[in-house]
Amino acid sequence: MPPTDPPPPWLPPLRRLAAKVAAARHVVVLTGAGISAESGLATFRGNERDMASLWKSFDPASLATPEAFHRDPETVTRWYDWRRLGCLAAQPNPGHTALAALEHHLERAGGSLTILTQNVDRLHHRAGSRNVVELHGDILNWRCTVTGRTLTPPDQAFERFPMPSPFHPHGLLRPNVVWFGEPLPEEALQAAFQAANQADVFMSVGTSAVVQPAAGFLQVAAAAGAFTTEINPQATPLTSTVDAALAAPAGVILPALMAQLAPH
Ligand code: OAD
């Protein structure tokens, strides 16, 4: 008999999670930049070995605040447009696809999946997820600072760099994202609290869980009785608080979860 590999350490917690999801009515998943890392998009913080993470190369105070935009709209526009083009060029990965499949699986059984995402990259939508709450806005659209109207650059803008100037006949155009120091969109915040309060299972996936209020939704769900879990190769402030911590990439664990729930 050829020797077999030992089972990965995440298999027992994965089985516990799968049993909870199978019995759940409402599942809520909080996602962060880590779920898009396997699509080639840089995270913000990464770890000490990950020199490609955005906040190692760029200063958030100069790029991701309302003050930075009013000081230097051209630079902020160029930076967000560079990231917008990167998001459009990226493809959803098996982690995104497994969450879209999980939504269909739960809905067929009369349940629901809600994704609360801190990501602005729209990869959940492109993977087929429908019930997505964007906590930090989206990077594909721009918004007039005077009228509040959103504007999607035409597809051809993909070929142009940078995005047309932020100076617009009616006022400045800004990226449709939430910057540091700004409140989250009220509707998204309410939807997130409601989903967290009703969750039977709450998963935190690919987030360092250091930015509020998103990082606090897991505690809201736990206080309301949810089974909580984290999927992240690195430890975070949530790791010691969850019912099951799975220290592996989302692109491995989420398809493995689907395989447990709906084996072929
Ligand atoms: P971070 O960059 O802070 O954290 C990314 C997390 O993903 C880290 O904990 C990694 O260990 C983990 N990770 C990396 N690869 C992974 C993989 N393949 N599978 C699972 N996890 C993986 O990103 P966020 O937590 O999303 O806000 O950051 C939160 C917010 O801070 C962002 O929305 C952004 C940022 O500043 C604003 O810009 C307002």
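Here goes a summary of the coordinates provided.

1. A closer look at the overall build of the chain
- Helices and strands together make up the secondary structure of the chain, namely 11 helices and 10 strands.
- Radius of gyration (C-alpha) of the chain: 19 Å, near the 18 Å computed for a compact globule of 264 residues.
- Here the C-alpha coordinates of the chain stretch approximately 70 × 40 × 35 Å along the principal axes.
- Among the 264 residues that make up the chain, the fraction classed as buried is 50%.
- Long-range contacts, defined here as pairs at least 24 residues apart, represent 69% of the contacts in the chain between residues at least 6 apart.
- When the accessible area of the chain is evaluated, it comes to approximately 12800 Å², of which 57% is carbon and sulfur surface.

2. A closer look at the packing of helix α1 (residues 11-23) against helix α11 (residues 250-261)
- With their axes 9 Å apart at the nearest point, α1 and α11 run at an angle of 55 degrees to one another. Relative to α11, the element α1 lies oblique. Between α1 and α11 the crossing geometry is right-handed. Here Leu11, Leu14, Arg15, Leu17, Ala18, Val21 and Ala22 of α1 come into contact with α11, specifically with Ile253, Ala256, Leu257, Gln260 and Leu261.

3. Overview of the pattern of salt bridges
- For the structure shown, the criterion picks out 6 salt bridges.
- Note that Glu103 is salt-bridged to Arg130, the shortest N-O span being 4.0 Å. Here the residue Glu103 occupies a position in helix α7 (residues 94-108), and Arg130 occupies one in the loop between α8 (123-127) and β3 (132-134), the gap between them amounting to 27 residues.
- Close ionic contact of Arg130 with Glu107 constitutes a salt bridge, the shortest N to O distance being 2.8 Å. With a gap of 23 residues between them, Arg130 in the loop between α8 and β3 and Glu107 in helix α7 connect regions that are remote in the sequence.
- Under the relative-accessibility criterion, Glu107 is labelled partly exposed at 33%.
- Among the ionic contacts, a cluster of salt bridges with common partners joins Glu103, Glu107 and Arg130.

4. A short note on the nonpolar core
- One finds Val21, Val27, Leu102, Met203 and Leu254 to be the most contacted residues of the largest nonpolar core, which totals 32 residues.
- Of all the secondary structure elements, the ones that give two or more residues to this core are α1, β1 (26-31), α7, β2 (112-117), β8 (201-205), β9 (227-231), β10 (244-246) and α11.
- Counting residues per element, this core draws most heavily on α11, at 7 residues.
- Look past the residues within four positions of Val27 in its chain and what remains in contact with it is Val21, Leu106, Ser112, Leu113, Thr114, Val201 and Met203.
- Judged by nonpolar contacts, the second largest core, of 23 residues, contains Val28, Leu30, Val220 and Ala226.

5. Remarks on the site of the ligand
- Neighbouring the ligand are 24 residues; Glu38, Phe44, Arg45, Thr207 and Ser208 lie closest to it.
- Taking Phe44, its main chain carries an N or O atom lying 2.7 Å from an oxygen atom of the ligand.
- With respect to the ligand, the side chain of Arg45 contributes an N or O atom lying 2.7 Å from an oxygen atom.
- For the ligand, the protein covers 92% of the area, taking 800 Å² as the surface of the free molecule.
- In terms of residue class, the shell around the ligand is made up of 11 nonpolar, 11 polar and 2 charged.

Basis of the calculations
- Residues numbered from 1 in each chain as written.
- Predicted model: local features only at pLDDT ≥ 70, side-chain atom pairs only at ≥ 80, totals over all residues.
- Heavy atoms only, no water.
- Helix = DSSP H or I, 4+ residues; strand = E, 2+ residues; numbered from the N terminus.
- Rg over C-alpha atoms; globule rule 2.2 N^0.38 Å.
- Buried < 20%, exposed > 50% of the residue type's maximum accessible area, 1.4 Å probe, protein only.
- Contact = heavy atoms within 4.5 Å.
- Areas by Shrake-Rupley, 256 points an atom, 1.4 Å probe, with all protein chains shown as cover.
- Axes fitted to C-alpha atoms, helices over the stretch in contact; angles between N-to-C directions.
- Parallel < 35°, antiparallel > 145°, perpendicular 65-115°, else oblique.
- Left-handed = near helix turned anticlockwise from the far one by under 90°.
- Salt bridge = Lys/Arg side-chain N within 4 Å of Asp/Glu carboxyl O.
- Core = buried A, V, L, I, M, F, W, Y, C linked by side-chain atoms within 4.5 Å.
- Near = heavy atom within 4 Å.
- Polar contact = N/O pair within 3.5 Å; in protein donor to acceptor, adjacent residues only side chain to side chain.
- Nonpolar A, V, L, I, M, F, W, Y, C, P; charged D, E, K, R; others polar.

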